[in-house]
Amino acid sequence: PCWGVRGRAGCPGLSQRRHRHRLPPQPRHGGQRSACARTAASVCSGMAAPTMAERKACWGARDEFWQCLDSHGEDAAKCEKLRRAFESRCPQQWVKHFDKRRDFLKYKKKLETEGYSPPEAAGKS
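Residues numbered from 1 in each chain as written. Predicted model: local features only at pLDDT ≥ 70, side-chain atom pairs only at ≥ 80, totals over all residues. Heavy atoms only, no water.

**Some thoughts on the packing of aromatic side chains**
Piece 1. Enumeration according to the criterion identifies three aromatic pairs in this entry.
Piece 2. Taking 5.8 Å as the distance between ring centres and 15 degrees as the angle between the ring planes, the aromatic pair formed by Phe65 and Phe86 counts as stacked. Of this pair, Phe65 sits in helix 4 (residues 52-71) while Phe86 sits in helix 5 (residues 80-89), placing them 21 residues apart in sequence. As far as burial versus exposure is concerned, Phe65 and Phe86 are alike and both buried.
Piece 3. Counting every residue linked through ring pairs, the aromatic cluster contains Phe65, Phe86, Trp94 and Phe98.
Piece 4. A cation over a ring is seen here: Arg62 above Phe98, with NZ or CZ 4.6 Å from the ring centre. (Phe/Tyr/Trp six-rings, centres within 6.5 Å; stacked < 30°, edge-to-face > 60°. Helix = DSSP H or I, 4+ residues; strand = E, 2+ residues; numbered from the N terminus. Buried < 20%, exposed > 50% of the residue type's maximum accessible area, 1.4 Å probe, protein only. Lys NZ or Arg CZ within 6 Å of the ring centre and 35° of its normal.)

This is the structure we're talking about:
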């Protein structure tokens, strides 16, 4: 059925929309597809999964950086060199994830030690 299309009988206009949005045909390279066409798009765009050695190097750099932050009271300036090493050894998405995770773990620890107290302005208008 043609849901959301006026005059369901025969779905008027549907074939025109399909043709308008059709992708152009892919160029042929002598019967061979390009390297990017043969492999996953993530590999061609530089998003290949890290090897075990790369993952371990990333986690080690993250742990060293976090340890530095813990020992220097969150003074990021003293840990800048380790931060750069962490960013260079880990995929960008992992760095974002680990940064958010560290913030969450700090927040969780604070809740566990201090308990929850709602903000003063909450509910007042």
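That covers the picture; the talk isn't over yet.
**Some words on helix 4**
Piece 1. Helix length check: helix 4, at 20 residues, gives a terminal C-alpha distance of 28 Å against a target of 28 Å (1.5 Å per residue), a fit within 8%.
Piece 2. Here helix 4 has its buried residues at Cys58, Ala61, Arg62, Phe65, Trp66, Cys68 and Leu69. In a view along the axis of helix 4, the buried residues occupy a sector of 155 degrees, so they form one face of it. Away from its buried face, by an angle of more than 90 degrees, helix 4 presents the exposed residues Met52, Ala53, Lys56, Gln67, Asp70 and Ser71.
Piece 3. Contacts from the buried residues of helix 4 go to helix 5 and helix 6 (92-114).
Piece 4. Trailing helix 4 by a residue or two, Gly73 shows a phi angle of about 60 degrees, which is positive. (Expected span 1.5 Å × (residues − 1). Arc of directions from axis to C-beta. Contact = heavy atoms within 4.5 Å.)

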